[in-house]
Amino acid sequence: MKVAVVGATGMVGEVMLQVLAERNFPITELIPVASEKSVGKEIEFKGKKYSVVGLETAVSMKPEIALFSAGGETSLAWAPKFAKAGTTVIDNSSAWRMHADKKLIVPEINASELTKEDKIIANPNCSTIQMVLALAPLHKKYNIKRIIVSTYQSITGTGVKAVQQLENEYAGTKGEMAYKYQIHRNAIPQCDVFEDNGYTKEEMKLVRETQKILSDKTIAVTATAVRVPIVGGHSEAVNVEFSTDFDVNDVRKILHETPGIVVQDNTDTFTYPMPLYAHGKDDVFVGRIRRDESQPNTLNMWIVADNLRKGAATNTIQIAEYLVANGLV
Ligand SMILES: NC(=O)c1ccc[n+]([C@@H]2O[C@H](COP(=O)([O-])OP(=O)(O)OC[C@H]3O[C@@H](n4cnc5c(N)ncnc54)[C@H](OP(=O)(O)O)[C@@H]3O)[C@@H](O)[C@H]2O)c1
């Protein structure tokens with residue numbers, strides 16, 4: 001299988017190459033793609049060196065699959081060209097997620113929606129993926145009415161520039177700024193740009209994408225997304241109100257039995273998820289599971305995952321694996 005990785009020199013692209021190698025994805029030819037400035041640069045994959053090519057060249061090579069993580073504009077302009085050449089695109093940007101005729105996939109939840117006709121498939125936002133993976137089985141059992149989520153998001157979610165900014169600030173040197181403010185020793189209550197309603201785009205992604213993935217527009221979601229100087233992953237404090245009551249131990253059991261979820265929840269041993277330990281892992285970690293005592297049928301929990309792995313690269317590659325396993329490419 002010929003596979004193009006578009007954005008191969010970026011944060012998500014690099015992890016995609018790692019995950020493709022680790023999971024032994026059946027690649028016969030890798031096509032690393034980046035912007036014109038990186039064309040000719042060498043990257044290593046499974047001990048072999050490959051030269052980065054431009055988008056035009058990559059389309060002409062007609063890969064079976066193209067994994068995109070090169071920003072929304074690149075996806076909008078180029079995904080249709082790949083699709084026209086017969087390539088199935090799995091896109092990490094927000095460009096196609098809310099298009100009515102594009103599927104938004106978390107494989108454990110809704111991969112069965114995919115067909116051979118889906119030539120541009122959207123990968124959800126990192127903070128959405130980890131939240132819905134934990135909420136989907138609970139929604140099935142107890143029916144979610146409302147979600148209140150506050151995020152503590154890793155700087156790796158903003159790409160290589162943000163990691164460089166933190167490193168510069170840590171070392172006390174000046175450099176290019178990915179954020180409007182210093183991120184070192186700070187918490188910035190703005191992830192992505194503001195929309196007209198006063199929420200950020202990241203916050204509204206949590207609203208819209210959750211409803212789309214869980215196929216339920218009646219779920220009320222309100223979000224506050226905050227950037228923190230952390231590299232290992234995103235953390236989320238999630239308060240969820242159900243239609244029916246639950247037993248907290250049943251909730252733990254359901255989550256424990258959900259593929260892709262690891263429950264870390266023991267107050268006696270101070271066991272709870274943290275980005276330091278989620279870093280580099282593919283699972284979504286859930287802990288601090290407790291009843292919200294301020295109102296009926298409501299649960300609090302703490303969800304952590306590596307945004308570059310399950311939040312981006314791993315989820316994308318799991319979609320590709322599903323397509324291959326089901327003869328859809
Ligand atoms: N980081 C995350 O946690 C995360 C999670 C989910 C989704 N995403 C999405 O994934 C995408 C990439 O994020 P990132 O964090 O990896 O960013 P990044 O570190 O800044 O990397 C961007 C990549 O895109 C390439 N690129 C930029 N402009 C291009 C163009 N015009 N043509 C071809 N390639 C181009 C860059 O190539 P050069 O090196 O040549 O500039 C680089 O390989 C974004 O859409 C982001 O929203 C990120």
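Residues numbered from 1 in each chain as written. Predicted model: local features only at pLDDT ≥ 70, side-chain atom pairs only at ≥ 80, totals over all residues. Heavy atoms only, no water.

Draft legend 1. A look at the domain arrangement of the protein. For the protein, the assigned domains read domain 1 (2-123 + 312-325) and domain 2 (127-307). Relative placement of domain 1 and domain 2: their C-alpha centres are 25 Å apart. Listed per partner, the contact involves 17 residues of domain 1 and 20 residues of domain 2. Taken over both partners, the interface formed by domain 1 and domain 2 buries close to 1500 Å², and the fraction arising from carbon and sulfur atoms is 66%. Counting every contact that joins domain 1 to domain 2 gives one salt bridge. We note a salt bridge from Glu209 to Arg97, for which the minimum N-O separation is 3.1 Å. Only helix H4 (107-110) and helix H10 (309-325) provide two or more residues apiece to the side of domain 1 that touches domain 2. (Domains from an automatic or database assignment. Contact = heavy atoms within 4.5 Å. Buried area = accessible area lost by both parts, 1.4 Å probe. Salt bridge = Lys/Arg side-chain N within 4 Å of Asp/Glu carboxyl O. Helix = DSSP H or I, 4+ residues; strand = E, 2+ residues; numbered from the N terminus.)

Draft legend 2. Local environment of the sheet that holds strand S1 (residues 2-6). Across the sheet, which stays open at both edges, the five strands sit in the order S2-S1-S5-S6-S7 with parallel pairing between neighbours. Here the strands that pair on one side only, and so sit at the sheet edges, are strand S2 (29-33) and strand S7 (120-122). Neighbour to neighbour, the strand axes of the sheet diverge by 15° on average, direction disregarded. For S1 and S2, the ladder comprises five bridges, and the chain directions are parallel. Residue Val3 lies in a different strand from S2, and its bridge partner there is Leu30. With respect to the sheet, helix H1 (residues 11-22) is in contact with S1, S2 and strand S5 (65-68), its orientation differing from that of S1 by roughly 155°. Packing of helix H3 (residues 72-84) onto the sheet brings it into contact with S1, S5, strand S6 (88-91) and S7, and relative to S5 it is tilted by some 175°. (Pairing = 2+ DSSP bridges. Axes fitted to C-alpha atoms, helices over the stretch in contact; angles between N-to-C directions.)

Draft legend 3. Structural view of the sheet that holds strand S9 (residues 220-227). A sheet is described by the order of its strands in space; here six strands give the open sequence S9-S8-S10-S13-S12-S11, paired in mixed fashion. If you trace the sheet from one side to the other, it starts and ends with S9 and strand S11 (261-263), each paired once. Averaged over all neighbouring strand pairs, the angle between strand axes comes to 20°, with direction disregarded. Inspection of the sheet shows S11 paired to strand S12 (residues 284-291) by three bridges, in the parallel sense. Bridge assignment links Ile261 to a residue of S12, and that residue is Val284. With respect to the sheet, helix H5 (residues 126-142) is in contact with strand S8 (144-153), strand S10 (234-242), S11, S12 and strand S13 (298-305), its orientation differing from that of S10 by roughly 25°. The strands that helix H7 (residues 201-213) touches are S8, S9 and S10; relative to S9, the one it contacts most, it runs at about 145°.

Draft legend 4. Inspection of the nonpolar core at higher detail. Core analysis: the biggest nonpolar cluster contains 57 residues, and Phe82, Leu138, Ile147, Leu255, Val286, Leu299 and Met301 have the highest contact counts within it. Each of two domains, domain 1 (2-123 + 312-325) and domain 2 (127-307), supplies a minimum of three residues to this core. When neighbours within four sequence positions are excluded, Phe82 is seen to be in contact with Val6, Leu55, Ala58, Val59, Pro63, Ala66, Phe68, Thr87 and Val89. Counting residues in hydrophobic clusters, the runner-up holds 32 residues, among them Val12, Ile65, Ala111 and Ile319. (Core = buried A, V, L, I, M, F, W, Y, C linked by side-chain atoms within 4.5 Å. Buried < 20%, exposed > 50% of the residue type's maximum accessible area, 1.4 Å probe, protein only.)

Draft legend 5. Region of the structure containing H10. Taking 1.5 Å as the rise per residue, H10 with 17 residues should run 24 Å; its terminal C-alpha atoms sit only 21 Å apart, a clear shortfall. Along H10, the sharpest kink reaches roughly 35°, centred on Asn315. Phi turns positive one or two residues past the end of H10, at Gly327, with a value near 60°. (Expected span 1.5 Å × (residues − 1). Bend = angle between axes of the 7 residues up to and from the residue.)

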